[in-house]
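Examining the three-dimensional arrangement
Read off the chains here:
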Amino acid sequence: MNSKTLDVNQAEWASEVLGSTTPVLVDFWAEWCSPCKMVAPIVNQIAEEYEGRLRVVKLDADANPDILTQYGVMGLPTLMLFKRGQVIERITGFQPKDKLLSKLANHI
């Protein structure tokens, strides 16, 4: 974990993600997922570059299946951008940094 990212679980979901006044990028990942490992350094860079304007949290998919079901996460990695508790952007699968930023830029 990068110091600019926060690991969250189901117990912290409401306060850390849904209750945040800052937009929150959630990285749904799993230890066994190779594309998740590929996107992790990019997510960490985004967390550093947008510190103060964007919170970045990581949610272990295997440990929190109820949240995946709630948001219809079918593949990993999935990145979701939440603003005022609502999903405003969803990105599934590995994407290079420039494509991720182009989808996020209008919201942060």
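To be clear, the structure that these remarks concern was listed above.
Residues numbered from 1 in each chain as written. Predicted model: local features only at pLDDT ≥ 70, side-chain atom pairs only at ≥ 80, totals over all residues. Heavy atoms only, no water.

A look at the state of the cysteines
Under the counting rule described, the total for this entry stands at one disulfide. There is a disulfide in this structure between cysteine 33 and cysteine 36, and the S-S distance comes to 2.4 Å. Measuring the twist about the S-S bond at about 80 degrees, one finds the cysteine 33-cysteine 36 disulfide to be right-handed. Comparing cysteine 33 with cysteine 36, the two get one shared label, buried. (Disulfide = S-S within 2.5 Å. Buried < 20%, exposed > 50% of the residue type's maximum accessible area, 1.4 Å probe, protein only.)

With respect to the nonpolar core
Grouped burial of nonpolar side chains is what soluble globular proteins tend to show. Grouped together as the largest cluster of nonpolar side chains are 20 residues, with contacts concentrated most on Trp13, Val26, Phe28, Leu59, Leu76 and Phe82. Of all the secondary structure elements, the ones that give two or more residues to this core are helix H1 (10-18), strand S2 (24-29), strand S3 (55-60), helix H3 (65-70) and strand S4 (78-83). At four residues, S2 tops the list of elements feeding residues into this core. Not counting chain neighbours up to four residues away, the residues in contact with phenylalanine 28 comprise Trp13, Cys36, Leu59, Ile67, Leu68, Val73, Leu76, Pro77, Thr78 and Met80. Within the second largest apolar cluster, 15 residues are counted, among which are Leu25, Ile46, Tyr50 and Leu104. (Core = buried A, V, L, I, M, F, W, Y, C linked by side-chain atoms within 4.5 Å. Helix = DSSP H or I, 4+ residues; strand = E, 2+ residues; numbered from the N terminus. Contact = heavy atoms within 4.5 Å.)

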